[in-house]
Amino acid sequence: MKIDLLNQIRQTNPVVLNISNFVTVQDVANGINAIGASPIMSEEIGETDEMVGISNAVALNLGAFSKPQVDHILAMGKAANAQHKPLVIDPVAVGAISYRKKVALDLMNQFQVDVIRGNAGEIAALADVAWDAKGIDAGSGNQDVVEVAKAAAKKQHCVVILSGETDIITDGQHVARVFNGTPLFQLHVGSGDMLSSIVGAFCAVSDGDYFEAAQTACLVFASIGQIVAEQLNEERPGTFAARLMDELHLASVADIEKIAQFD
Ligand SMILES: Nc1ncnc2c1ncn2[C@@H]1O[C@H](COP(=O)(O)OP(=O)(O)OP(=O)(O)O)[C@@H](O)[C@H]1O
Ligand SMILES: Cc1ncsc1CCO
Ligand SMILES: [Mg+2]
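Residues numbered from 1 in each chain as written. Chains lettered and ligands numbered in written order. Predicted model: local features only at pLDDT ≥ 70, side-chain atom pairs only at ≥ 80, totals over all residues.

## Topic: the pairing of strand β9 (residues 167-170)
And step 1. Burial along β9 is two-sided: the face carrying Asp167 and Ile169 and the face carrying Ile168 and Thr170 are both buried.
And step 2. Inspection of the sheet shows strand β8 (residues 159-163) paired to β9 by three bridges, in the antiparallel sense. Bridge assignment links Ile161 to a residue of β9, and that residue is Ile169.
And step 3. Joining the antiparallel neighbours β8 and β9 is a turn of three residues.
And step 4. In the sheet, β9 pairs with strand β10 (residues 175-178) via four bridges, with the strands oriented antiparallel. Considered in β10, the bridge of Asp167 is made with Val178.
And step 5. Connecting β9 to the antiparallel partner β10 that follows it, the hairpin turn spans four residues, and Gly172 within it adopts a positive phi of roughly 105°. (Buried ≥ 20, exposed ≤ 12 C-beta atoms within 10 Å, placed from the backbone. Helix = DSSP H or I, 4+ residues; strand = E, 2+ residues; numbered from the N terminus. Pairing = 2+ DSSP bridges.)

Printed below as a string of structure tokens:
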């Protein structure tokens, strides 16, 4: 685990280009900004090549797309591949809505993603494993989540992050787990979206090792949430969200190293 990638983000301020969803766009932009990268959002297909050109990573969020946006997402994914920019996708609710799963798989057949970040319900759907997903949430299932993540990674030939109480990161062969975090993340809609785009920031400074970038992003994000939770003596979702932004900016590599739990 290369926690120092956090310092590289802060030193080099990489541009992370996002197609976001309208629900969480501001959280995602501020999360990227607070950790030390530079967010830019796009909603117009005509600017795609130029946008990708100025970016160091691309994050595609499938949270609330319409047909024209699917064309835009496709163009962005193809441009990221053509311009060799790291590409992350967040397949929101593909476990709950079959139409979303079809769109996500169609898209991923037409460009190659580097990292998929989803919860157990989403990753199980992409792996064609039975799971009871609930809307945007992970839902429940009794399959081994490590095997689920590995199956999805092998199918899509990329790194997969299956996030949750324990984050599982795999390239289909190797597996890393991050044990840090807090249930308070679940009380803030968009924690997952923020993580996916922050994975983009880590990929941007990773020299092409997206497995390591994905692990480190998960460790840093989950640990920062845990630091905030340990400072609150009650469940306060609003305070958590605000303090999460503060600590994304303030937390040092040493702060994270002190509490990091992974294998
Ligand atoms: N029960 C939990 N305990 C500790 N950390 C958690 C828990 N659930 C989620 N997390 C953390 O929350 C962050 C977001 O992951 P999550 O799996 O909740 O994404 P998501 O379901 O896509 O969220 P969203 O609804 O915001 O899109 C990750 O850093 C993950 O480690
Ligand atoms: C609530 C919600 N609905 C579509 S996207 C989204 C935000 C979490 O991704
Ligand atoms: Mg999500």
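Further notes follow.
## Here's the deal with the site of ligand 2
And step 1. Surveying the vicinity of ligand 2 reveals the residues Asn21, Val23, Thr24, Gly63, Ala64, Val92, Ile136, Val189, Gly190 and Asp193.
And step 2. Residue composition of the shell around ligand 2, by class: five nonpolar, four polar and one charged. (Near = placed C-beta within 6 Å. Nonpolar A, V, L, I, M, F, W, Y, C, P; charged D, E, K, R; others polar.)

## Focus on the site of ligand 1
And step 1. If you check the shell around ligand 1, you find 21 residues, and the closest are Asn119, Ser163, Gly181, Phe185 and Gly192.
And step 2. Counting residues per element, the shell around ligand 1 draws most heavily on helix α8 (residues 191-204), at four residues.
And step 3. Classifying every residue of the shell around ligand 1 by side-chain character gives eight nonpolar, nine polar and four charged.

## Focus: the nonpolar core
And step 1. Core analysis: the largest hydrophobic core is formed by 92 residues, its most contacted members being Val115, Val199 and Ala214.
And step 2. With sequence-adjacent residues up to four places away left out, Ala214 is seen in contact with Val115, Val159, Ile161, Ile169 and Val199. (Core = buried A, V, L, I, M, F, W, Y, C linked by C-beta atoms within 7 Å. Contact = placed C-beta atoms within 7 Å.)

## Let's talk about α8
And step 1. Look at α8: 20 Å from first C-alpha to last across 14 residues, which is about the 20 Å you get at 1.5 Å a residue.
And step 2. Counted residue by residue, α8 has 14 buried out of 14 residues, so it is predominantly covered. (Expected span 1.5 Å × (residues − 1).)

## What to know about the UniProt feature "binding site: ATP" (unreviewed entry) in the protein
And step 1. Annotation from UniProt places "binding site: ATP" (unreviewed entry) at Arg117 and Ser163. Taking the farthest pair of C-alpha atoms as the criterion, the annotated set spanning 47 residues converges on one region, since that pair is 7.3 Å apart.
And step 2. Once residues within four sequence positions are removed from consideration, Arg117 is found in contact with Val88, Asp90, Ile161, Ser163, Leu195, Ser196 and Val199.
And step 3. The residue Ser163 is located in strand β8 in this model.
And step 4. Those residues within four positions of Ser163 in sequence are excluded, and the remaining contacts are Arg117, Asn119, Gly192, Leu195 and Cys218. (UniProt positions renumbered as here; feature names shortened; annotations may be inferred.)

## Quick look at the environment of Phe111
And step 1. Within the secondary structure layout, Phe111 lies in the loop between α5 (98-110) and β5 (115-119).
And step 2. What makes Phe111 buried here is the crowd of 20 C-beta atoms within 10 Å.
And step 3. For the pair Phe111 and Asn81, spaced 30 residues apart in sequence, the C-alpha to C-alpha distance is 6.9 Å.
And step 4. If we ignore the near neighbours within four places in the chain, the residues touching Phe111 are Gly77, Lys78, Asn81 and Leu87.

## Some remarks on the UniProt feature "binding site: substrate" (unreviewed entry) in the protein
And step 1. Mapped onto this numbering, the UniProt entry annotates "binding site: substrate" (unreviewed entry) at Met41 and Gly190.
And step 2. Among the structural elements, Met41 can be located in strand β2 (residues 38-41).
And step 3. Relative to the helices and strands, Gly190 is located in the loop between β10 and α8.
And step 4. Not counting residues within four places of it along the chain, the set of residues in contact with Gly190 comprises Val23, Thr24, Asp27 and Val28.

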